[in-house]
Amino acid sequence: MEWITIAIAFALPAYLAFKWARQEDRWAWPWAIACMVFSYFGLLAFVLTREGLPTVSEYARKYPTCVTERGMSCYRCGSRSIRLWREQPFIAVHQWHICNSCGTSLYRSR
Ligand SMILES: [Zn+2]
């Protein structure tokens, strides 16, 4: 089945780039198209050019109103439902905190 190969080689990286770019507030469509053309090389470029998220204290300094008694809230929609996203690309483990209701990446904790 030829189309499965095409889907895995081009549609999947494009889909992931689109999804991640939206989460990280980056250009979703240009990245999706770049990954459609360059396949996983585009996705690699996306990961390498990724800007580091602020740490918890940087986030608290930037959005002081988001620090509540019951934890952090999202600066975009005010939701306190924040999900933890663990990522282990190499040896280091990254933990991203992503808003559950609008999908914005908020800060990292390591
Ligand atoms: Zn939100």
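What you see is a predicted model; the values in this text were computed from it and never measured. (Residues numbered from 1 in each chain as written. Predicted model: local features only at pLDDT ≥ 70, side-chain atom pairs only at ≥ 80, totals over all residues. Heavy atoms only, no water.)

1. Structural notes on the coordination of the zinc ion
Note on metal sites: the ideal angle is 109.5 degrees for four tetrahedral donors, and 90 or 180 degrees for six octahedral donors. Rules: Each metal site is built from N, O and S donor atoms within 2.8 Å (3.2 Å for Na, K and Ca), and since water is not included, such sites may look incomplete. Only two sets of limits are used to name each site, 85 to 135 degrees for every angle of a tetrahedral four-donor site, and over 155 degrees for opposite donors with all other angles from 65 to 115 for a square planar four-donor or octahedral six-donor site, with any other site named irregular. Think of it in three bands: residues with accessible area under 20% of the maximum for their type are buried, residues over 50% are exposed, and the middle band is partly exposed, with areas taken using a 1.4 Å probe on protein chains only.
Distances from the zinc ion to its protein donors, Cys-74 (SG), Cys-77 (SG), Cys-99 (SG) and Cys-102 (SG), fall at 2.2 to 2.3 Å. In this structure, the zinc ion is coordinated by four donor atoms arranged in tetrahedral fashion, with angles at the metal of 106 to 114°. Positions of the donor residues of the zinc ion, expressed as sequence spacing, correspond to C-x2-C-x21-C-x2-C. With relative accessibility at 2%, the residue Cys-74 sits in the buried group.

2. Some points on the nonpolar core
A general feature of soluble globular proteins is that nonpolar side chains tend to end up buried together. Where we set the bar: Here, nonpolar core means buried Ala, Val, Leu, Ile, Met, Phe, Trp, Tyr and Cys residues that are tied together by side-chain atoms lying within 4.5 Å of each other. Labels follow the DSSP assignment, with helices taken as runs of H or I lasting at least four residues and strands as runs of E lasting at least two, numbered in each case from the N terminus. In what follows, residue pairs with any heavy atoms lying within 4.5 Å of each other are defined as contacts.
In this structure, Ala-14, Leu-16, Ala-17, Phe-18, Trp-20, Ala-21, Ala-28, Trp-31, Ala-32, Cys-35, Leu-43 and Phe-46 together form the largest nonpolar core, which totals 12 residues. For this core, the secondary structure elements donating two or more residues are α1 (2–23), α2 (28–38) and α3 (40–48). Counting residues per element, this core draws most heavily on α1, at six residues. When sequence neighbours within four positions are dropped, the list of residues in contact with Leu-43 reads Pro-13, Leu-16, Ala-17, Trp-20 and Cys-35. Tyr-59, Cys-66, Cys-99 and Tyr-107 belong to the second-largest nonpolar core, a separate cluster that totals seven residues.

3. A word on the domain arrangement of the protein chain
Under the convention used in this document: All the domain ranges listed were derived from an automatic or database domain assignment. Here the quantity called buried area is the accessible surface, traced with a 1.4 Å probe, that two parts lose on coming together, added over both. The term salt bridge refers to a pairing of a side-chain nitrogen on Lys or Arg with a carboxyl oxygen on Asp or Glu at a separation within 4 Å. Pairs of N or O atoms are called polar contacts if they sit within 3.5 Å, as long as, within protein, a hydrogen donor faces a hydrogen acceptor (for residues adjacent in sequence, only side-chain-to-side-chain pairs). Each residue is assigned to one class: nonpolar for Ala, Val, Leu, Ile, Met, Phe, Trp, Tyr, Cys and Pro, charged for Asp, Glu, Lys and Arg, and polar for all the others, Gly among them.
Here the domain parsing of the protein chain yields domain 1 (1–51) and domain 2 (53–110). Using C-alpha coordinates to define each centre, domain 1 is positioned 24 Å away from domain 2. Between domain 1 and domain 2, the contact holds six residues from the first and 10 residues from the second. With both sides pooled, the region where domain 1 packs onto domain 2 buries about 620 Å², and carbon together with sulfur makes up 38% of that total. Across the domain 1-domain 2 interface, the total number found is zero salt bridges. In this assembly, domain 1 and domain 2 are joined by one residue pair in polar contact (both at pLDDT 80 or more). Here the residues of the side of domain 1 that touches domain 2 sort into one nonpolar, one polar and four charged.

4. Concerning the UniProt feature "transmembrane region" (unreviewed entry) in the protein chain
Let me state the cut-off plainly: UniProt positions are given in the numbering used here, feature names are shortened, and annotations may be inferred rather than shown by experiment.
Mapped onto this numbering, the UniProt entry gives "transmembrane region" (unreviewed entry) at residues 29–48. Along residues 29–48 one finds 95% helix and 0% strand; the C-alpha atoms at either end are 18 Å apart.

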